[in-house]
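Coordinates in review
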Amino acid sequence: PQLASLTPADIEHFLSFLPASQVQASLAPGSTAQADLDGYNTDWMGKYVGRSRCVLRPRTTDQVSSIMRHCYARRLGVVPQGGNTGLVGGGVPTGSDEVIINLGLMNQIRAFNASSGVLTADAGCVLQTLNTFLTSKGHVMPLDLGAKGSCQIGGNVSTNAGGLRMVRYGSLHANVLGLEVVMPDGRVLRGLRGLRKDNTGYHLHHLFVGAEGTLGVVTGVSLLTPPLSPAVNLALLRLPDYAAVLSVVGTVRAKLGEILSAVEYFDETAWAVVNGDGAAGAEVERQVFGADTVPPGVNLLIETSGSVREHDEEKLTALLEELLDGPHVLTGSLAQDETQLGRMWDLREGIAEACGKAGKVYKYDVSVPIQEWQNVLSTLRQRAAERSEGLIERVVGFGHIGDGNLHINVVCGRYDKAIEQLLEPFMFELVESKGGSISAEHGLGVQKAKYILYSKSPLELELMRKVKAAFDPRGIMNPGKVLPAVAVGEERG
Ligand code: FAD
């Protein structure tokens, strides 16, 4: 749709109901320098960069509503933004005329019911802050991810973030009970009912879970939080190869059952990028595994969470003994205290950041049957070696293996069109050929929007466009994200 250009009159209007401290714009007299808006215009990877000239930071739902009413009337594009940790370019604008609505000042916990575990919070609350609050009340957030110190619950809901605890608590579709959403025309959908059961027709709030800001601005979230497990145990295993991983994951599931709370995989390339190649990585190995020499191989991190420490330790120790006696595990280590537990988690959670420090990263977050992970990685590595002329430096493999979610970080010296063309749509064709999904948890954003037909049928795309038109008839919400004007493959009919 044709969207309007932002003018100084728009900024004046925003200033009529928002304090100056909540309006940052570079196009009105006495305004902010454009460079001061760079942080809002640039994504976490430095890969997607917009040029919006106006960032608004509302404190209340009413303020969001007033902003949306104006943008709707004027047909101004709007980009909702949370912690800006998204990895597909969804949280930054594509041009210079969109208004960024950053939710960071909407950060109040509205209510918590300790007996039901229902938490109601502003969308701008940071995930880690919510988890700290809940821990003090004997509960825990049903999701956890490496970006927890910055990402916001509204952003988590809008991307349907998966992360490390999904194997235990399920996706946000299972845990979000209701949402408060400001619709594109400014009306407020007040759906914070907090009921576990409510079958009164269509479950509209699910449409906003994973909508990536294309249907409305989420301002409040009501979600179910599980009780805190008093006993958390973590084991790190070194395995000779991926075939062993497949065997061990099956055993772990069968033996740990209901206390299993995370199963994470990372290969030797991931170990090297976090801990350093050669001697540095080997030294960390000696420390973490508590052995003089640690054989090379791939890694599994296994976490259990339960209510009776002795029971869980007994189960996990018996499993580890069995595995260490067998052919599939070379060595292993069980965290002895909180410090060791944190250190082991850092090895896994630090991979994305370490890749970012090693170079510019093309990220592929895909769902593929775990039997195919090794094939996908080796096919990609072969292509990189044969055809990238050295531009691709590393292909790092890791992921939430308990959920079949493989992450591939392709690390290069620079972002380059030639590399992108080598990787895309090749990666998506490969994933489609394995019956997978081109986005397991990060969403489509701007990176994968045009490739949507690799994971959705033409009918699904048609229905999604109809939903978009019904919710956002003027097409102002997060333009250019999720739904492409023309998808790759669409022209073929
Ligand atoms: P943003 O990046 O600001 O926005 C993401 C999208 O949501 C955008 O399309 C934006 O328009 C929309 N949006 C944000 N807030 C709102 C709102 N209030 N209303 C409507 N739309 C909104 N993701 C996973 O799923 N699992 C992981 O394990 C994981 N690990 C990560 C580790 C690291 C180190 C990093 C940097 C990222 C990781 N991510 C992971 C990706 C990212 O953190 C998640 O997608 C997160 O949920 C984004 O939240 P955010 O607040 O930063 O949203």
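Residues numbered from 1 in each chain as written. Predicted model: local features only at pLDDT ≥ 70, side-chain atom pairs only at ≥ 80, totals over all residues.

Focus on the overall build of the protein chain
When its secondary structure is counted, the protein chain shows 18 helices and 16 strands. A compact globule built from 493 residues would reach a C-alpha radius of gyration of about 23 Å, and the protein chain, at 23 Å, matches this within 12%. Burial statistics for the protein chain: of 493 residues in total, 49% are counted as buried. Partitioning the intrachain contacts of the protein chain with sequence separation of at least 6 by distance along the chain shows that 73% fall at a separation of at least 24. (Helix = DSSP H or I, 4+ residues; strand = E, 2+ residues; numbered from the N terminus. Rg over C-alpha atoms; globule rule 2.2 N^0.38 Å. Buried ≥ 20, exposed ≤ 12 C-beta atoms within 10 Å, placed from the backbone. Contact = placed C-beta atoms within 7 Å.)

Points about the pairing of strand E14 (residues 360-367)
Walk down a regular strand and you will see the side chains alternate between the two sheet faces. For E14, the buried fraction is high: six of the eight residues fall into the buried class. As defined by bridge partners, E14 adjoins strand E16 (residues 405-412) across eight bridges and the pair is classed as antiparallel. Within E16, the position partnered with Asp365 by the bridge is His407. (Pairing = 2+ DSSP bridges.)

Observations concerning the site of the ligand
The full set close to the ligand counts 38 residues, and Gly82, Gly90, Gly154, Gly155 and Gly213 are the nearest of them. Breaking the shell around the ligand down by element, the ones donating at least two residues are strand E3 (78-81), helix H5 (153-159), strand E9 (217-224) and helix H14 (351-358). (Near = placed C-beta within 6 Å.)

Quick notes on the domain arrangement of the protein chain
Partitioning the protein chain into domains gives domain 1 (1-228 + 462-478), domain 2 (231-349) and domain 3 (358-442). Put simply, the middle of domain 2 and the middle of domain 3, counted by C-alpha atoms, are 24 Å apart. Counting residues per element, the side of domain 2 that touches domain 3 draws most heavily on strand E11 (residues 260-266), at five residues. Broken down by class, the residue content of the side of domain 2 that touches domain 3 amounts to nine nonpolar, one polar and two charged. (Domains from an automatic or database assignment. Nonpolar A, V, L, I, M, F, W, Y, C, P; charged D, E, K, R; others polar.)

Some remarks on the sheet that holds strand E13 (residues 331-334)
Taken together, seven strands build an open sheet; the order of strands is E13-E10-E12-E11-E15-E16-E14 and the sheet is antiparallel. Looking at which strands have only one partner, the edges of the open sheet turn out to be E13 and E14. Each neighbouring strand pair of the sheet contributes to a mean axis angle of 15°, computed without reference to strand direction. Across the face of the sheet, helix H13 (residues 338-349) comes into contact with strand E10 (231-239), E11 and strand E12 (298-306) while running at roughly 50° to E10. Running over the sheet, H14 touches E11, E14, strand E15 (392-400) and E16 and is turned about 170° from E15. (Axes fitted to C-alpha atoms, helices over the stretch in contact; angles between N-to-C directions.)

Observations regarding the UniProt feature "domain: FAD-binding PCMH-type" (unreviewed entry) in the protein chain
Under the feature "domain: FAD-binding PCMH-type" (unreviewed entry), the UniProt entry names residues 48-228. From the first C-alpha to the last, residues 48-228 spans 38 Å; its make-up is 24% helix and 22% strand. (UniProt positions renumbered as here; feature names shortened; annotations may be inferred.)

Regarding the pairing of E12
Within E12, nine of the nine residues are buried, which leaves the element mostly enclosed by the surrounding structure. The alternating pattern of E12 places Val298, Leu300, Ile302, Thr304 and Gly306 and Asn299, Leu301, Glu303 and Ser305 on opposite faces, both of which are buried. As judged from the nine bridges shared by E10 and E12, these two strands associate in the antiparallel manner. If you follow Val232 over to E12, its bridge partner there is Ser305. Pairing of E11 with E12, which is carried by six bridges, proceeds in the antiparallel orientation. Bridge assignment links Val263 to a residue of E12, and that residue is Ile302.

Some words on the sheet that holds strand E4 (residues 99-102)
Taken in spatial order, the four strands of this open sheet run E1-E2-E4-E3, and their pairing is mixed. Among the strands making up the open sheet, the edge pair consists of strand E1 (23-25) and E3. Mean inter-strand twist for the sheet, computed between neighbouring axes without regard to direction, equals 20°. With respect to the sheet, helix H1 (residues 8-17) is in contact with E1 and strand E2 (54-56), its orientation differing from that of E1 by roughly 165°.

A closer look at the environment of Gly138
Tracing the sequence through the fold places Gly138 in the loop between helix H4 (127-136) and H5. You can call Gly138 exposed: it has 12 C-beta atoms within 10 Å. If sequence neighbours within four positions are ignored, Gly138 has contacts with Pro227 and Leu228.

Let's talk about H13
Here H13 contains twelve residues, and its C-alpha end-to-end distance of 16 Å stays within 8% of the 16 Å for a straight helix at 1.5 Å per residue. Within the span of H13, buried status applies to Met344, Trp345, Leu347, Arg348 and Glu349. The inward-facing, buried residues of H13 contact E10, E11, helix H10 (268-275), helix H11 (279-289), E12 and H14. (Expected span 1.5 Å × (residues − 1).)

Describing unusual backbone geometry
Peptide bonds are trans in most cases, and residues, glycine excluded, mostly fall at negative phi. Residue Glu424 is joined to Pro425 through a cis peptide bond whose omega torsion reads 10°. Despite not being glycine, Asn84 shows a phi value in the positive range, around 55°. One can find Asn84 in the loop between E3 and E4. Residue class for Asn84 comes out buried when judged on the 22 C-beta atoms lying within 10 Å of it.

Thoughts on helix H15 (residues 373-387)
In this model H15 runs 21 Å from its N-terminal to its C-terminal C-alpha over 15 residues, within 8% of the 21 Å that 1.5 Å per residue would give. Taken together, the buried positions of H15 are occupied by Trp373, Val376, Leu380 and Ala384. Seen from one end, H15 has its buried residues packed into an arc of 75°, which puts them on one side. Those residues of H15 that are exposed and angled more than 90 degrees off the buried face are Gln382, Ala385 and Glu386. Downstream of H15 by a residue or two, Glu389 has a phi angle that is positive, lying close to 50°. (Arc of directions from axis to C-beta.)

A look at the packing of helix H9 (residues 242-256) against helix H12 (residues 309-325)
Where H9 contacts H12, the two axes come as close as 10 Å, and the packing angle between them is 150°. The angle between H9 and H12 falls in the class roughly antiparallel. Both H9 and H12 take part in a crossing whose hand is right-handed. Residues Val248, Val252, Lys255 and Leu256 of H9 lie in contact with H12, whose contacting residues are Lys315, Leu319 and Leu323. Residue composition of the contact of H9 with H12, grouped by class: five nonpolar, no polar and two charged. (Parallel < 35°, antiparallel > 145°, perpendicular 65-115°, else oblique. Left-handed = near helix turned anticlockwise from the far one by under 90°.)

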